[in-house]
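What follows is each chain in one-letter form.
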Amino acid sequence: MTLHLIKLCVGCDSVKDLESWIRQRLKERRKRGLSREHLHRTRMVPRRVDELTDGGSLYWVIRGAVMCRQRLIDVRPFVDQDGVGRCHFVLEPKIVLVEPRPWRAFQGWRYLAPKDVPRDLDRAAPGAKDMPETLRRELRELGLL
């Protein structure tokens, strides 16, 4: 059974910020001759890796709402230079907009069951992905999206 993750997107104020950050990270990896993978480092290692890599995604909370997701390709545990266990989430670099949904702040990441995931924006509101993010936020606040 597929399982997903949800995480706060700390330091990003918009989906565009996240997309820009991903592009920059991929550019830096390419310059250093590394693989063209998008990696996100986190402290805790999930135990349910098989379920996560069976079609799961990482859903990003930006400014208090779930706004987008990235498909989760792999989870790679490692020990950093200080001897602390961590892991890399290997993510598809492509961002998929989702139906905005308010979400309270939390630390780290959490599992997200398939029944709790927001629908992709293309399915929830066809054409909405072409709107500016600020307009989508206003429509969500008014209960129209």
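Keep in mind the model is a prediction, meaning the values are calculated, not measured. (Residues numbered from 1 in each chain as written. Predicted model: local features only at pLDDT ≥ 70, side-chain atom pairs only at ≥ 80, totals over all residues. Heavy atoms only, no water.)

> Provide a residue-level description of the overall build of the protein, including the pertinent values.
Summing up its helical and strand segments, the protein has 4 helices and 7 strands in all. Going from N to C terminus, the protein has its helices and strands arranged as β-α-β-α-β-β-β-β-β-α-α. Its C-alpha atoms give the protein a radius of gyration of 16 Å, within 12% of the compact-globule value 15 Å for 145 residues. C-alpha atoms of the protein, sized along the principal axes, occupy 50 × 35 × 25 Å. Looking at the protein residue by residue over its 145 residues, the buried ones come to 39%. Counting contacts in the protein only where the partners sit at least 6 residues apart, residues at least 24 apart contribute 65% of the total. If you sum the accessible surface of the protein, you get close to 8800 Å²; carbon and sulfur atoms cover 48% of it. Across the protein, the centroid of the 30 positively charged side chains sits 3 Å from that of the 20 negatively charged ones. (Helix = DSSP H or I, 4+ residues; strand = E, 2+ residues; numbered from the N terminus. Rg over C-alpha atoms; globule rule 2.2 N^0.38 Å. Buried < 20%, exposed > 50% of the residue type's maximum accessible area, 1.4 Å probe, protein only. Contact = heavy atoms within 4.5 Å. Areas by Shrake-Rupley, 256 points an atom, 1.4 Å probe, with all protein chains shown as cover. Lys, Arg positive; Asp, Glu negative; His and termini not counted. Charge placed at Lys NZ, Arg CZ, Asp CG, Glu CD.)

> Pulling in residues and values, what's your account of unusual backbone geometry?
Phi at Arg63 is positive, roughly 50°, even though this residue is not glycine. Examined against the element boundaries, Arg63 turns out to sit in the loop between strand 3 (57-62) and strand 4 (65-79). With relative accessibility at 56%, the residue Arg63 sits in the exposed group.

> Account for the nonpolar core, naming residues and giving values.
Ranked by size, the top nonpolar core spans 26 residues in total, and within it Leu18, Trp60, Cys68 and Phe89 carry the most contacts. For this core, the leading source of residues is strand 4, giving 5 residues. In contact with Leu18, other than residues within four places in its own chain, are Cys9, Cys12, Trp60, Cys68 and Ile95. Ranked by size, the runner-up nonpolar core spans 8 residues in total, among them Tyr59, Val66, Val98 and Leu112. (Core = buried A, V, L, I, M, F, W, Y, C linked by side-chain atoms within 4.5 Å.)

> Provide a residue-level description of the pairing of strand 5 (residues 85-91), including the pertinent values.
Strand direction decides the pairing type here: strand 2 (residues 38-42) and strand 5, joined by 5 bridges, are antiparallel. Residue pairing in the sheet places Arg41 in a bridge with His88 of strand 5. Pairing of strand 4 with strand 5, which is carried by 7 bridges, proceeds in the antiparallel orientation. In the sheet register, Leu72 faces strand 5, and the bridge partner there is Leu91. Adjacent in sequence and paired antiparallel, strand 4 and strand 5 are bridged by 5 residues, among which Gly83 carries a positive phi angle near 80°. (Pairing = 2+ DSSP bridges.)

> Break down the side chain of His4 for me, with residues and values.
Turning to its location among the elements, His4 is positioned in strand 1 (residues 4-8). Apart from residues no more than four positions distant in its own chain, His4 is found in contact with Leu52, Gly55, Gly56, Ser57, Tyr59, Arg110, Tyr111, Leu112, Ala113, Pro114 and Val117.

> How would you summarise the packing of aromatic side chains if you had to cite specific residues and measurements?
Taken as a whole and assessed by the stated rule, the structure comprises 1 aromatic pair. Note that Arg48 overlies the ring of Tyr111, its terminal NZ or CZ placed 5.2 Å from the centroid. (Phe/Tyr/Trp six-rings, centres within 6.5 Å; stacked < 30°, edge-to-face > 60°. Lys NZ or Arg CZ within 6 Å of the ring centre and 35° of its normal.)

> I'd like a rundown of the state of the cysteines, residues and numbers included.
Per the stated rule, a full pass over the model turns up 0 disulfides. Between Cys9, a cysteine without a disulfide, and Cys12, which holds the nearest cysteine sulfur, the sulfur-to-sulfur distance is 3.6 Å. In this model Cys87 remains outside any disulfide bridge; the closest cysteine sulfur is found in Cys9, 16 Å from its own. (Disulfide = S-S within 2.5 Å.)

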